[in-house]
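# Examination of the molecular architecture
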Amino acid sequence: MATTLLEVTGLCVGYGDVRVLHEVGLVVKRGEIVCLIGSNGAGKTTLLRALSGVVRASAGTISFAGESLIGLAPQQIVRRGIAHVPEGRRLFAGMSVRENLLMGAYLRRGARTEIRRDLDLVLTTFPRLAERLSQDAATLSGGEQQMCAIGRGLMAGPQLLLIDELSLGLAPKLVGELGQALLAINRAGLSVLLVEQDVATALRLANYGFVLDTGHIVLADPTALLAKNPMVQEAYLGRAAVNA
Amino acid sequence: MLYVQVLVNGLLLGGLYACIAAGFSLVWGVLNVINILHGSFVVLGAYLAFFAYTALGIHPYLFAPIAALVLFGLGYAIQYTVVNRVIEAPVLVTMTATFGLALLLDNIMLVAFKADFRKINLVPPLGVVDVGKLVPGLNVVVPVDRLASMLFALLFVALLYLLLRRTAVGRAIVAVRMDRYAATLMGVDPTVIFALTFGIGAALAGAAGALLSPIFPISPLAATSYLGKAFVTCVLGGLGSVSGVLVGGLLLGVLESFGAIFLGPEHALTLSFSVLIIFLLFRPSGLMGKRGFV
C-alpha cells in the first residue's frame, strides 16, 4: 500500500464573503497521479492556490508528508516539496528558457550539483527546451511554454507537482506528448496532482480522480471507475447521447 | 573643436547621471514606487564621502563602495519597515510616503550638516588630461576627477546589470517585476525582494553621491535637483532597463552641456525639462523603454 503524501480535510476557502471551497477533502498517495476535474469556476485553481499557500484557508487541514501546511508561506511550502505549475504557464517574459528554469530552483541556491543534475533531467525529458535554452521564453510556442513551465516546477526538486491545466490551448498531439512526459516523470517517483478541464486526458493519465463541483467534492474514485460513471460521462465527456 | 569639448563634458556628466538614475529606475520598475527619497540618498552619499575624506582621509573613489553599503542598509530598512506597509497602495500613496521621508531626511541633514555648500578639494588635485597632446589636432581637455567619477559610475551601472543577469537574486528581482504571482510560486518572497531592490537603488544613489562629491557642491538643498536628473534620465532613456538609463543619462548630460553653451548655463535645466515634456508628449516610453528589467 502506497503511503499518503498529501491529505486535505474539510478545507474551506473564500475570497472576501464569497466561499469558493466547501469542506473539500482530497488525498494524494506517493507515486500517484491524481486528477481533479470539474467545470469552470468549480474551485480547482483555488484549491491549488490554497495548497501553495497563496490563499489562506478559513477552515480545514492540509497535511503534507505528515506535516501541516496550514499557515505556511508559499516559500515554506515550496521548500517542503510542493511545486505549482500555474494556469497559463506564466513564464517570465524577457528571461531566457534557462533563466526561467533556474528560477524554479530559486530556493536551492548553492546546491549547484543537484541543480545541474535536475536541469539535465528536465532537458532530457523535454529535448525541445535544450534547443531553445537561451531563447526568450515569451517566444516559445504554447506547447514549449508548457514544457518550460513544467520543467521550472521540476527544478524545485519537488515531491509533489501541482499542474493547473496541462492541456489548455494545446493541440492534441502536443497534449499526448506532454502526457507521455508526465507519465515518465511520475514513474521516476514524482507524485502529481493534475487539474484538468479536458476530462478524457485527465482520466487517461491519472490513477485516481476527484470531481469538484461548485466547491464540493462530489465524486472520488479510481479513474477506471470514474470513466464508466454515467454522471461523469454525461457532464464531462459528452457521452449522454451514446448511453441513452 | 569647442563642440567636441562640450560633447566630452556632456558625456562625463552623463555617466554620473546614469548612475544616479539606475537605482531610481530599478525601484520604479520593480516596485512601481516613484522614490522621492532618491535625491536625498545621493546627497547623503556625498556627505558621507565628504566626512570620510575630511576626517579620515579616505579617497571618495575608494569610499564609493562603502557609501553604497551604508545606503543599502538604510534603503533596505526603510523599505522593509515603512514603504512595505503601503506597497500595495496606488502609486500616488507610495510617492507621498517617500516624499514625506525625503522631507524628513533632508531636514535631518540640514540640521546635522547645515545648509552650507561644501566641496571636497582633492589634495593633490587630479588635474586634467590634454587630449591634444595624445591626438594631435584634437584640442580637448578632460578633467581627471570627472573622468574617474564617470568611469566608476559606469562601473556601478555595469555591476547592477551583472547582478540582475547573472545572479539568482537578480533573476528573482526581474521575475518579481515580470510576474509577482508566478515568482511567489517559485518560492520568492516578494517582501524581501522589494526591500533588497530598494536597498540596491539606495546603494547606487549613495555610490553616485560619493562619486560626485569631488565635483559638485554638496548640500541638502541639492536633493531635488538630483531627483530631477534621475527622473528626466528615466523618461529619456525609458523605464525598465539598464541600457535605458545609460542612454538617457548620457543624452541628458550632452543636452545640458550644449544647452549651457547655446542658451547659457542658467537655462540648462530649462532645456532638459523641455525635452522631458516633449518626450512625455510624443514618446512616453522613452528611447529604450520596455517591460521588465535588464
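What counts, and where the lines are drawn
- Each chain has its residues counted from 1, following the order in which its sequence is written.
- Written order determines the labels here, with chains lettered from A and ligands numbered from 1.
- Residues qualify for local features only when their pLDDT is at least 70, as the model is predicted, and side-chain atom pairs are given and counted only at 80 or more; totals for whole chains, interfaces and linings, by contrast, use all residues.
- Only hydrogens and water are set aside; all other atoms, that is, all heavy atoms of the structure, feed into the side-chain values.
- Each helix is a run of DSSP H or I of at least 4 residues and each strand a run of E of at least 2, with the numbering of both proceeding from the N terminus.
- In this setup the radius of gyration rests on C-alpha atoms only. A globule is expected at 2.2 Å times the number of residues raised to 0.38.
- Residue burial is assigned from relative accessible area. The probe radius is 1.4 Å, only protein chains are included, and a residue is buried under 20% of its type maximum, exposed over 50%, and partly exposed in between.
- For the area figures, the Shrake-Rupley method with a 1.4 Å probe applies, and any residue is considered shielded solely by the protein chains shown.
- In this tally, Asp and Glu contribute negative charge and Lys and Arg positive charge; neither His nor the terminal groups of the chain are included.
- Working definition for charges: the position is that of NZ of Lys, CZ of Arg, CG of Asp or CD of Glu.
- The contact criterion used throughout is that any non-hydrogen atoms of two residues lie within 4.5 Å.
- Take the accessible area each of two parts loses on contact, using a 1.4 Å probe, and add the two losses: that sum is the buried area.
- Here a salt bridge means any side-chain nitrogen of Lys or Arg lying within 4 Å of a carboxyl oxygen belonging to Asp or Glu.
- Only strands that DSSP links by at least two bridges are regarded as paired with each other.
- Fitted lines through C-alpha atoms give the axes, limited to the stretch in contact for helices. The angle between two N-to-C directions lies from 0 to 180 degrees.
- It is the rotation of the near helix from the far one that decides the hand of a crossing: anticlockwise by less than a right angle makes it left-handed, clockwise makes it right-handed.
- Lys, Arg, Asp and Glu make up the charged group, whereas Ala, Val, Leu, Ile, Met, Phe, Trp, Tyr, Cys and Pro make up the nonpolar group; the residues left over, Gly among them, are polar.
- By definition, no residue in a patch forms a salt bridge, and every one has over 30% relative accessible area; like charges are joined within 9 Å, nonpolar side chains (Val, Leu, Ile, Met, Phe, Trp, Tyr) within 5 Å.
- Each cavity reported here is a set of points on a 1 Å grid over the protein atoms alone in which a 1.4 Å probe fits but cannot get out, each pocket an open set with protein on both sides within 12 Å along at least five of seven lines, and each lining residue one with an atom within 4 Å of a point.
- Grid points are joined across faces, edges and corners, and a volume is the space filled by probe spheres set on the points.
- For this analysis, a ring pair means two rings from Phe, Tyr or Trp (six-membered ring only for Trp) whose centres lie within 6.5 Å, classed as stacked if their planes differ by under 30 degrees, edge-to-face if by over 60, and tilted for the remaining angles.

### Topic: the overall build of chain A
Of regular secondary structure, chain A possesses 11 helices and 10 strands. Taken against the 2.2 N^0.38 rule, which gives 18 Å for 244 residues, the C-alpha radius of gyration of chain A at 18 Å falls within 12% of a compact globule. Within chain A, the fraction of its 244 residues that count as buried is 53%. As displayed, chain A offers around 10,500 Å² of accessible surface, 51% of which is attributable to carbon and sulfur atoms. In chain A, 24 positive and 21 negative side-chain charges are present, and the distance between their average locations comes to 6 Å.

### Side note on the interface of chain A and chain B
Facing 21 residues of chain A, the contacting portion of chain B comprises 19 residues. A buried area of about 1,900 Å², summed over both sides, lies between chain A and chain B, and 67% of it is on carbon and sulfur atoms. Taken together, chain A and chain B are joined by two salt bridges. A salt bridge links E99 of chain A to R165 of chain B; its shortest N-O distance comes to 3.2 Å.

### Some remarks on the sheet that holds strand β2 (residues 18-29) of chain A
Residues and elements named next belong to chain A. If you walk across this open sheet you meet the four strands as β2-β1-β4-β5, and the pairing is antiparallel. Looking at strand neighbours, the two that pair on one side only are β2 and β5 (67-68), the edges of this open sheet. Where strand β1 (residues 4-15) lies against strand β4 (residues 59-64), five bridges are found, and the strand directions are antiparallel. Looking at β4, one finds that E7 is bridged to S63. With respect to the sheet, helix α1 (residues 44-52) is in contact with β1, β2 and β4, its orientation differing from that of β1 by roughly 115°.

### Quick notes on the packing of helix α3 (residues 97-104) of chain A against helix α6 (residues 142-154) of chain A
Residues and elements named next belong to chain A. Where α3 contacts α6, the axes come no closer than 6 Å and their chain directions differ by 35°. Regarding α3 and α6, the two cross each other, and that crossing is right-handed. In contact with V97, N100, L101 and G104 of α3, α6 contributes C148, G151 and R152. Broken down by class, the residue content of the contact of α3 with α6 amounts to three nonpolar, three polar and one charged.

### Considerations on a nonpolar patch on the surface
All names here are of chain B. Among the surface-exposed residues, L2, Y3, I261, F262 and L263 lie close enough to one another that they form a single nonpolar patch of about 520 Å² accessible area. At the level of secondary structure, the elements contributing two or more residues to the nonpolar patch comprise α1 (2-31) and α11 (242-263). By residue number, the principal contributor to the nonpolar patch is α11, which donates three residues. In this structure, L263 sits in helix α11.

### Considering the layout of surface pockets
Put simply, the largest pocket is a space of about 490 Å³. Those elements giving two or more residues to the lining of the largest pocket turn out to be α3 and α4 (112-125) of chain A together with α6 (144-166) and α7 (168-178) of chain B. Across the lining of the largest pocket, the residue classes tally to seven nonpolar, one polar and eight charged.

### Looking at α3 of chain A
Buried residues dominate α3 of chain A, accounting for seven of its eight residues. Residues V97, E99, N100, L101, L102, M103 and G104 of chain A constitute the buried set of α3 of chain A. Tucked inside the fold, the buried residues of α3 of chain A contact α4, α5 (127-131) and α6 of chain A together with α6 and α7 of chain B.

### Examining the packing of aromatic side chains
Under the defined criterion, the tally for this structure stands at 15 aromatic pairs over all chains. An aromatic cluster of at least three residues, connected via ring pairs, comprises Y47, F50, F51 and F113 of chain B.

### Re empty space enclosed by the protein
All told, the structure shown has two cavities of 30 Å³ or more when counted by the stated rule. By volume, the largest cavity is sized at about 40 Å³. Every residue lining the largest cavity is listed: V78, A83, H84, G104, R152, G153 and A156 of chain A together with L185 and M186 of chain B. Among the elements of the structure, β6 (82-85) and α6 of chain A are those that each provide at least two residues to the lining of the largest cavity. When grouped by side-chain class, the residues that make up the lining of the largest cavity number five nonpolar, three polar and one charged. Its boundaries defined by the atoms lining it, the second largest cavity holds a volume of some 40 Å³. In this structure, the second largest cavity is lined by S52, P74, I77, V78, I82, A83 and H84 of chain A together with L185 of chain B. Mapped onto the lining of the second largest cavity, the elements with two or more residues apiece are α2 (74-80) and β6 of chain A.

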